[in-house]
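Single-letter residue listing:
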Amino acid sequence: MRTIILGPPGSGKGTQSRLLERQYGAQHVASGDLLREAVEKETELGRKAKEYMDSGTLVPDDLVLGIVTERLGRVDCTNGFILDGFPRTPAQAQELDSLLAQEGRPLDHALVFEVAEDQIIDRLMGRRTCSNPACGRTYHVKFKPPRVDGVCDSCGSSLVAREDDTPQTIRKRIDVYDEQSGPLVEFYRRAGLVRSIDAGGAPSDVFDRIARVIEADAR
Ligand code: AP5
């Protein structure tokens, strides 16, 4: 499976990517996670990326491209990948296209998540993430609470809200998605790759909808 997931913040890209990884064995690669790891490690890239991420704007293409293409070249992506949050600009889409064409491994499809804005805000305001970078499990205070309030079920570390999950930054991220990433849907539609997914409702229902699309494409 070689797929990309396009969708606004909080549409469930990370949640569904992890389920797809488990079901289909393709590697989940999230540009946001790669950037947050660089910020955490205080690398030069991380220091440059942080101000953009904190304000909810996109990290410049020249910073993002290298880190994602390097990740896609690793051996664990040989059997396929699920790209979450990348590409996000026409330049990123063109670069991905050329890279995959050179390697003779084109995309199977582009999943486009659609979800109402009130659900996005509910999901992001209630998101909690494990503070241990090696774990990074994601929860939701209402929809996916941990067994013990504020504590990761998996590693016992404390749960925190993501720094960019504030009302003001969420608003900015939604606008940035509409303006800068929305046009990519047309790019992939022209290539015949778009599969629109109703990403509202429970995670298991969304997953079933995606699985039906993937299995129909595989026939
Ligand atoms: P990134 O990390 O990609 O964030 P995002 O696109 O804003 O998306 P999110 O991670 O917030 O949401 P998601 O759709 O993955 O939802 P999730 O599954 O977690 O990017 C962050 C920043 O990094 C950007 O603003 C930018 O600065 C930079 N960046 C990243 N990539 C870049 C690129 N390519 N170019 C330039 N800059 C880049 O779900 C959210 C919550 O909802 C969770 O709590 C979850 O449990 C819950 N939930 C999920 N699904 C459901 C459901 N069906 N029902 C109920 N709750 C649900």
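This text follows the structure it describes.
Scope of this entry: the structure provided in the associated data block. Keep in mind it's a predicted model, so treat the numbers as computed, not measured.

1. Considerations on the nonpolar core
1) Next: The biggest cluster of nonpolar side chains holds 32 residues, and the ones touching the most others in it are L72, L83, L96 and Y188.
2) Next: With six residues, the top contributor of residues to this core is helix α4 (residues 61-72).
3) Next: Apart from residues no more than four positions distant in its own chain, L83 is found in contact with T3, I4, I5, V29, V68, L72 and L96.
4) Next: Membership of the second largest hydrophobic core comes to 19 residues, among which are V115, I197, A199 and F207.

2. Observations concerning the pattern of salt bridges
1) Next: Throughout the structure, instances matching the rule amount to 19 salt bridges.
2) Next: A salt bridge links R162 to D164; its shortest N-O distance comes to 2.9 Å. One exposure class covers both R162 and D164, and it is buried.
3) Next: When salt bridges with common partners are traced through the structure, they connect R127, R162, D164, D165 and R173 into a single cluster.

3. Some thoughts on a positive patch on the surface
1) Next: Judged by side-chain charge, R18, R22, R137 and K144 come together as a positively charged surface patch.
2) Next: Position of R22 among the secondary structure elements: in helix α1 (residues 13-24).
3) Next: Residue classification places R22 among the exposed residues on the basis of a relative accessible area of 68%.

4. Quick notes on the pairing of strand β3 (residues 81-84)
Along any regular strand, the residues point their side chains to alternate faces of the sheet.
1) Next: Every second residue of β3 is oriented toward a common face, with F81 and L83 on one face and I82 and D84 on the other, all of them buried.
2) Next: Direction of pairing for strand β1 (residues 2-6) relative to β3: parallel, over a ladder of four bridges. Directly across from I5, in β3, lies its bridge partner D84.
3) Next: Pairing of strand β2 (residues 27-30) with β3, which is carried by four bridges, proceeds in the parallel orientation. Residue pairing across strands places Q27 opposite F81, the latter belonging to β3.

5. Examining the side chain of T169
1) Next: Relative to the assigned elements, T169 resides in helix α7 (residues 167-181).
2) Next: Once you skip the residues sitting within four places of it in the chain, T169 turns out to touch M53, D54, S55, G56 and D164.

6. Considering the site of the ligand
1) Next: Taken together, 34 residues are adjacent to the ligand, and T15, T57, R88, R127 and R173 come closest.
2) Next: Within the backbone of V59, an N or O atom sits 3.1 Å from a nitrogen atom of the ligand.
3) Next: In isolation the ligand offers 1,000 Å² of accessible surface; the protein chains occlude 96% of this area.
4) Next: Of all the secondary-structure elements, those providing two or more residues to the shell around the ligand are α1, α2 (31-40), α6 (117-125) and β6 (138-140).
5) Next: The leading source of residues in the shell around the ligand is α2, at four residues.
6) Next: Classifying every residue of the shell around the ligand gives 13 nonpolar, 13 polar and eight charged.

Thresholds, definitions, all that
- Residues numbered from 1 in each chain as written.
- Predicted model: local features only at pLDDT ≥ 70, side-chain atom pairs only at ≥ 80, totals over all residues.
- Heavy atoms only, no water.
- Core = buried A, V, L, I, M, F, W, Y, C linked by side-chain atoms within 4.5 Å.
- Buried < 20%, exposed > 50% of the residue type's maximum accessible area, 1.4 Å probe, protein only.
- Helix = DSSP H or I, 4+ residues; strand = E, 2+ residues; numbered from the N terminus.
- Contact = heavy atoms within 4.5 Å.
- Salt bridge = Lys/Arg side-chain N within 4 Å of Asp/Glu carboxyl O.
- Patch = residues over 30% accessible without salt bridge, like charges linked within 9 Å, V, L, I, M, F, W, Y side chains within 5 Å.
- Areas by Shrake-Rupley, 256 points an atom, 1.4 Å probe, with all protein chains shown as cover.
- Lys, Arg positive; Asp, Glu negative; His and termini not counted.
- Charge placed at Lys NZ, Arg CZ, Asp CG, Glu CD.
- Pairing = 2+ DSSP bridges.
- Near = heavy atom within 4 Å.
- Polar contact = N/O pair within 3.5 Å; in protein donor to acceptor, adjacent residues only side chain to side chain.
- Nonpolar A, V, L, I, M, F, W, Y, C, P; charged D, E, K, R; others polar.

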